Amino acid sequence: MTTNRVYKALTIAGSDSGGGAGIQADLKTFQELGVFGMSALTAITAQNTLGVQAVYPMSTEAVAEQLRSIGEDIGTDAVKTGMLFNAEIIEAVAAQIRYYRWPNVVIDPVMIAKGGASLLQQEAVQALLTELLPLAAVITPNILEAEVLTGLTIRSFEDKQEAARKLAAYGAKAVIIKGGHEADPVEAVDLLYDGISFDTFIGTRIKTKNTHGTGCTYSSAIAAELAKGSRLLEAVQTAKQYIQAAIEEQLEIGHGHGPTNHWAYQRRLRHQEQGGVRTV
Ligand SMILES: Nc1ncnc2c1ncn2[C@@H]1O[C@H](COP(=O)(O)OP(=O)(O)OP(=O)(O)O)[C@@H](O)[C@H]1O
Ligand SMILES: Cc1ncc(CO)c(N)n1
């Protein structure tokens, strides 16, 4: 009998009852990319494609206890953090990541849901910067999140580069500034900074309102690829193809901003189709 090595990834994030973002998006992505998924819940949201109706944070002790359960028995090859909600939870998460020396930490600094609901308290931003960034293999802010984290106004490519450098200075090994929210009607461009040089990942922009959970899905795909041993550049390339397929092959679910299609990438691989993504 042969036993194949099982690669594992842990998401530390909030639950989205609607299934498109949060823990649900993360676990679906891990599964599709062939990684054993685990989760520690930081909050439960009552949420659908129309918005967030309510947020119920977990106690800090409950978050820490979930992480201890995983750390004492199973371990992980990568960690992805999403909605962390408050400073106390951030401090507890950072302490456990340090204690268990978990590798490949991908930080998605979730702040605001697409409908405008706050998923991170304002006073928690400082904790994110000082506690979590030094542990990050990569942090993946969108433009708005990068502005809040750096205090910069980001308009130009050079602004994005400056923001990336500033976030790297907090100790993150790499930074990806995502371009999903930009006005470019043709392309969705993400900028990667690894502390030395910049790379861009360019996807064909899809005209759609169904982008609920794109950020969660993208960062989870990066974590899954890192868990399997990919280098960051390859991991981001695969994640970009994964999110491109997930946005292109839309699902008609709900009456608002629908979710992405988590099985589109594997379906494409089976059919050997190419996604509209290139790396420069
Ligand atoms: N309409 C689109 N067409 C193609 N790619 C897109 C589109 N919207 C977002 N992306 C890509 O999806 C990924 C996630 O980026 P996005 O900026 O949407 O994250 P986010 O704002 O953090 O998401 P969320 O709202 O889920 O938190 C990036 O690679 C981005 O370029
Ligand atoms: C639980 C949760 N995490 C993250 C996001 C951001 O998309 C969301 N809408 N809900």
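Within every chain, residues take consecutive numbers counted from 1 along the sequence as written. Just so you know, chain letters begin at A and ligand numbers begin at 1, following the order they were written in. Side-chain atom pairs in this predicted model are given and counted only at pLDDT of 80 or more, local residue features only at pLDDT of at least 70, and totals for whole chains, interfaces and linings cover all residues. In computing side-chain properties, one takes all heavy atoms of the structure into account and sets aside hydrogens as well as water.

As named in an unreviewed UniProt entry, the protein chain is Hydroxymethylpyrimidine/phosphomethylpyrimidine kinase, taken from Paenibacillus aquistagni. Looking at the protein chain in UniProt, the text filed under Sequence similarities (unreviewed entry) is "Belongs to the ThiD family." UniProt positions are given in the numbering used here, feature names are shortened, and annotations may be inferred rather than shown by experiment.

Caption draft 1: Structural context of the site of ligand 1. A cutoff of 4 Å decides nearness: a residue is near a molecule or strand if any of its heavy atoms lies inside that distance of it. Taken together, 17 residues lie around ligand 1, and Lys114, Lys178, His181, Asp190 and Thr214 are the ones closest in. Threonine 214 is positioned with one of its side-chain polar atoms (N or O) 2.8 Å from an oxygen atom of ligand 1. Residue exposure ignores everything except the shown protein chains as possible cover, and the areas themselves are Shrake-Rupley values with a 1.4 Å probe. Relative to its free-state accessible area of 620 Å², ligand 1 is covered by the protein chains to the extent of 94%. Secondary structure follows DSSP: runs of H or I at least 4 residues long count as helices, runs of E at least 2 residues long count as strands, and numbering of each begins at the N terminus. Counting only elements with at least two residues in the shell around ligand 1, the list comes to strand S8 (187–193), helix H7 (214–227) and helix H8 (232–248). Classification used: nonpolar for Ala, Val, Leu, Ile, Met, Phe, Trp, Tyr, Cys and Pro, charged for Asp, Glu, Lys and Arg, polar for all others including Gly. Among the residues making up the shell around ligand 1, the classes are represented as five nonpolar, seven polar and five charged. By the criterion applied in these results, polar contacts are pairs of N or O atoms within 3.5 Å in which, for protein atoms, one can donate a hydrogen and the other can accept it, and in which residues neighboring in sequence qualify only through two side-chain atoms.

Caption draft 2: Examining a nonpolar patch on the surface more closely. On the surface, a cluster of nonpolar side chains totalling about 260 Å² of accessible area is made up of Val6, Phe36 and Ile74. Within the secondary structure layout, isoleucine 74 lies in the loop between helix H2 (60–73) and strand S4 (78–81). Patches here are clusters of residues that have more than 30% relative accessible area and form no salt bridge, with a 9 Å joining cutoff for like charges and a 5 Å cutoff for nonpolar side chains (Val, Leu, Ile, Met, Phe, Trp, Tyr). Salt bridge criterion: a side-chain nitrogen from Lys or Arg within 4 Å of a carboxyl oxygen from Asp or Glu.

Caption draft 3: Layout of the environment of glutamate 234. Along the chain, glutamate 234 turns up in helix H8. Summary of the burial criterion: residues with accessible area below 20% of their type's maximum are buried, those above 50% are exposed, and those between are partly exposed, where the area comes from a 1.4 Å probe applied to protein chains only. Note on glutamate 234: relative accessible area 41%, which makes it partly exposed. Note: C-alpha distance between glutamate 234 and isoleucine 222 (12 residues apart in sequence) is 9.0 Å.

Caption draft 4: The arrangement of the site of ligand 2 in detail. Taken together, the residues surrounding ligand 2 are Gly14, Ser15, Ala21, Gly22, Gln47, Met83, Val110, Ala113, Leu119, His212 and Cys216. Glutamine 47 is positioned such that a nitrogen or oxygen atom in its side chain is 2.8 Å from a nitrogen atom of ligand 2. Contact with the protein chains removes 92% of the 290 Å² of surface that ligand 2 exposes when unbound. Its residues placed into classes, the shell around ligand 2 shows six nonpolar, five polar and no charged.

Caption draft 5: How the structure looks around the packing of H8 against helix H9 (residues 264–271). Interhelical geometry of H8 versus H9 gives an angle of 100° and a closest axis separation of 8 Å. Relative to H9, the element H8 lies roughly perpendicular. On H9, the residues touching Thr238, Gln241, Tyr242, Ala245, Ala246 and Glu248 of H8 are Ala264, Tyr265 and Arg268. Fitted lines through C-alpha atoms serve as axes, helices being fitted only where they are in contact, and the angles separating the N-to-C directions of these axes extend from 0 to 180 degrees. Each angle receives one of four descriptions, namely roughly parallel if under 35 degrees, roughly antiparallel if over 145, roughly perpendicular if within 65 to 115, and oblique otherwise. By the convention used here, residues are in contact when the closest approach between their heavy atoms is within 4.5 Å.

Caption draft 6: Spotlight on the pairing of S8. Here S8 lies mainly inside the structure; six of its seven residues are buried. For two strands to be treated as a pair, DSSP must find at least two bridges joining them. Pairing analysis gives three bridges linking strand S7 (residues 175–177) to S8, with the strands arranged antiparallel. Along S8, the bridge assignment pairs isoleucine 176 with leucine 192. Taken together, the seven bridges between S8 and strand S9 (residues 198–204) define a ladder with antiparallel strand orientation. For leucine 191, the partnering residue across the bridge sits in S9 and is threonine 200. Hairpin connection of S8 to S9: four residues between the antiparallel strands, including glycine 195 at a positive phi of 95°.

Caption draft 7: Expanded view of unusual backbone geometry. The residue phenylalanine 85 is not glycine, and still its phi comes out positive at about 70°. You can call phenylalanine 85 buried: its relative accessible area is 13%. Here asparagine 104, not a glycine, exhibits a phi torsion of approximately 50°, which is positive. Tracing the backbone through its elements, the reader meets asparagine 104 in the loop between helix H3 (87–100) and strand S5 (105–107). Asparagine 104 sits in the partly exposed class, given a relative accessible area of 28%.

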